[in-house]
Amino acid sequence: MELTFLGTSCMVPTKERNVQAIFLSYKGKGILIDCGEGTQRQMDIAGINRNKVDMILVTHWHGDHVGGIIGLLQTISDKENPPKIQIFGPIGTKKKVNHLLNSVIFEKSNLNLDICELNPKKIEVFKETKDYYIQCAPMNHTIPCIAYSFIEKNIRKINLSKAKKLGLKEGHLLGKLQKGISVNFNDKKIFSKEISSIKKGKKVSFIFDTSINENCYSLAENSDVLVSEAVYLPSLKEKADKYKHLTTQDVGLIANKANVKKLIITHFSQRYKSTDVLEKDVKTYFSDSKCAFDFMKLRI
Ligand SMILES: [Zn+2]
Ligand SMILES: [Zn+2]
């Protein structure tokens, strides 16, 4: 799994930072977490093929999180056989995407869109494949807002040298053992756990635009990586509360309490000309913290 940070500024783009978008690449699939204005160009610079986007997870409909959706759809619709794109977002997402499509003129009959609205009351799984599932949870922002966790499923790994010792070769018996099913071989029962071990799947959580709330902890719990907005330093806590955003202190506390392994903060107020001060502060609450920058890549 790899994350590419395509925009790390809050509200307005700066010379160094574009507005919010993160590209998650997993086994040839591409998931955008938000798609702020200019995301297409950021993808170009980062060397990400726009046609690799299978899914867009919209956290909420503030402009800095969604301003690039229509441009991206236009580019993708220009293809002969555009890939299917699923767009997930909070209540109102269908109407908003249709407004966007009606606001411009382009050949959209080619578009293969699947728009799904989410209205979680607590943490819910809304997407599951054989490899992973995605959870969502409601946040507490000035408009409906959703946080997401991408969770890779655990996989069972066969110890091939152990299998060889038992005389087991590739084939349907190994396939069954791989699935956790015990098999009979040479008049002996072989239990899957004898020759295999579980490789734990990775979890990455994305928390954007919210004041601190219980769902932040439960969604982020035991994440390998927590990516979170941290718009302000604690000195601007009043502002953070008013606009329902997190401070570096809030995020550090979430990371601590949720037992995450690594914290990446992003979505910084443009008032901070350097993120050194934010990174220094967040590290006082959670040591394995880092400030994201545009085009930063992270392998998980
Ligand atoms: Zn925002
Ligand atoms: Zn917002």
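Worth saying up front: this structure is predicted, and the values here are computed from it rather than measured.

Colleague: Explain the sheet that holds strand 18 (residues 297–299) to me, and be specific about the residues and the numbers.
Modeller: Read across the sheet, 7 strands follow the order 6-5-4-3-2-1-18 without closing on themselves; strand pairing throughout is mixed. Edge positions in the sheet fall to strand 6 (113–118) and strand 18, since each of these pairs with one other strand and no more. Shown here is a sheet whose adjacent strand axes are inclined to one another by a mean of 20°, direction ignored. In terms of strand pairing, strand 1 (residues 2–7) meets strand 2 (residues 21–26) through 5 bridges, oriented antiparallel. When the sheet's bridge partners are listed, Leu 3 is paired in strand 2 with Leu 24. Across the sheet, helix 1 (residues 39–46) touches strand 1, strand 2, strand 3 (29–35), strand 4 (53–57) and strand 18, and the angle it forms with strand 1 is around 130°.

Colleague: Requested: an account of the domain arrangement of the protein chain, with residues and values cited.
Modeller: Domains assigned within the protein chain are domain 1 (2–154 + 200–299) and domain 2 (158–197). In this structure, domain 1 and domain 2 have C-alpha centres spaced 42 Å apart.

Colleague: Run through the coordination of the zinc ion (ligand 2), naming residues and quoting values.
Modeller: For a metal with four tetrahedral donors the ideal donor-metal-donor angle is 109.5 degrees, while six octahedral donors give ideal angles of 90 or 180 degrees. Surrounding the zinc ion (ligand 2) are the protein donor atoms His 60 (NE2), His 62 (ND1), His 141 (NE2) and Asp 209 (OD), which sit 2.2 Å from the metal. Because the angles between the 4 donor atoms bound to the zinc ion (ligand 2) fall within 81 to 168°, the donor set is best described as irregular. The metal-metal distance between the zinc ion (ligand 2) and the zinc ion (ligand 1) is 3.5 Å, with Asp 209 coordinating both. Separated by 68 residues along the polypeptide, His 141 in the loop between strand 8 (132–138) and strand 9 (146–152) and Asp 209 in the loop between strand 14 (203–207) and helix 8 (214–220) bring together distant segments of the chain. Of the two residues, His 141 and Asp 209, neither departs from the other in class, the shared state being buried.

Colleague: Would you mind going over the environment of Lys 239 in detail, with residue names and values included?
Modeller: Mapped onto the elements, Lys 239 comes out in helix 9 (residues 237–243). As for Lys 239 and His 60, which are separated by 179 residues in sequence, their C-alpha atoms are 20 Å apart. The residues contacting Lys 239, other than those within four sequence positions of it, are Tyr 232 and Arg 271.

Colleague: Talk me through the pattern of salt bridges; I want residue IDs and the actual numbers.
Modeller: Applying the stated criterion to the full structure yields 12 salt bridges. The residue Arg 50 makes a salt bridge to Asp 44 at a minimum N-O spacing of 3.5 Å. The shortest N-O distance in the salt bridge between Lys 153 and Glu 128 comes to 2.9 Å. Note that Lys 153 is positioned in the loop between strand 9 and strand 10 (155–158) and Glu 128 in strand 7 (residues 124–128), a separation of 25 residues in sequence.

Colleague: Run through the coordination of the zinc ion (ligand 1), naming residues and quoting values.
Modeller: Taken together, His 65 (NE2), Asp 209 (OD) and His 267 (NE2) make up the protein donors of the zinc ion (ligand 1), found 2.1 Å from the metal. Along the chain, the residues donating to the zinc ion (ligand 1) are arranged with the sequence spacing H-x143-D-x57-H. Among the residues examined, His 65 registers a relative accessible area of 0% and is labelled buried. Given the relative accessible area of 2%, Asp 209 is considered buried.

Colleague: Give a detailed account of the nonpolar core, specifying residues and quantitative values.
Modeller: Burial of nonpolar side chains together is a common tendency in soluble globular proteins. Ile 207, Leu 226, Leu 263 and Ile 265 are the most contacted members of the largest nonpolar core, which has 30 residues in total. For this core, the secondary structure elements donating two or more residues are helix 8, helix 10 (248–257), strand 16 (262–266) and helix 11 (276–285). Here this core gets 4 residues from one element, more than from any other, and that element is helix 8. With near-sequence residues (within four places) excluded, Ile 207 lies in contact with Met 139, Ala 147, Cys 216, Leu 219, Ala 220, Leu 226, Val 227, Ser 228, Glu 229 and Leu 246.

Colleague: If you had to explain helix 1 to someone new, which residues and values would you point to?
Modeller: Within helix 1 the residues assigned to the buried category are Thr 39, Gln 40, Gln 42, Met 43 and Ala 46. All buried residues of helix 1 lie within an arc of 165° about the axis, which places them on one face of the element. In helix 1, the exposed positions angled more than 90 degrees off the buried face are occupied by Arg 41 and Asp 44. Those residues of helix 1 hidden inside the fold are in contact with strand 1, strand 2, strand 3, strand 4, helix 3 (69–77) and strand 18. Just past helix 1, the residue Gly 47 takes up positive phi, approximately 75°.

Colleague: Outline the packing of aromatic side chains, supporting the account with residue identities and numerical values.
Modeller: Going through the model one piece at a time under the given rule, you end up with 5 aromatic pairs. Centroid distance Tyr 26 to Tyr 132: 5.8 Å. Interplanar angle 90°. Geometry classified as edge-to-face. Separated by 106 residues along the polypeptide, Tyr 26 in strand 2 and Tyr 132 in strand 8 bring together distant segments of the chain. Each member of the pair, Tyr 26 as well as Tyr 132, carries the same accessibility label: buried. Through successive ring pairs, a cluster of aromatic residues spans Tyr 26, Tyr 132 and Phe 150. Seen from the ring of Tyr 217, Lys 257 lies directly overhead, with NZ or CZ sitting 4.2 Å from the centre.

Rules of the game
Residues numbered from 1 in each chain as written. Chains lettered and ligands numbered in written order. Predicted model: local features only at pLDDT ≥ 70, side-chain atom pairs only at ≥ 80, totals over all residues. Heavy atoms only, no water. Pairing = 2+ DSSP bridges. Helix = DSSP H or I, 4+ residues; strand = E, 2+ residues; numbered from the N terminus. Axes fitted to C-alpha atoms, helices over the stretch in contact; angles between N-to-C directions. Contact = heavy atoms within 4.5 Å. Domains from an automatic or database assignment. Donors = N, O, S within 2.8 Å, 3.2 Å for Na, K, Ca; no water. Tetrahedral: all angles 85-135°; square planar, octahedral: opposite > 155°, others 65-115°. Buried < 20%, exposed > 50% of the residue type's maximum accessible area, 1.4 Å probe, protein only. Salt bridge = Lys/Arg side-chain N within 4 Å of Asp/Glu carboxyl O. Core = buried A, V, L, I, M, F, W, Y, C linked by side-chain atoms within 4.5 Å. Arc of directions from axis to C-beta. Phe/Tyr/Trp six-rings, centres within 6.5 Å; stacked < 30°, edge-to-face > 60°. Lys NZ or Arg CZ within 6 Å of the ring centre and 35° of its normal.

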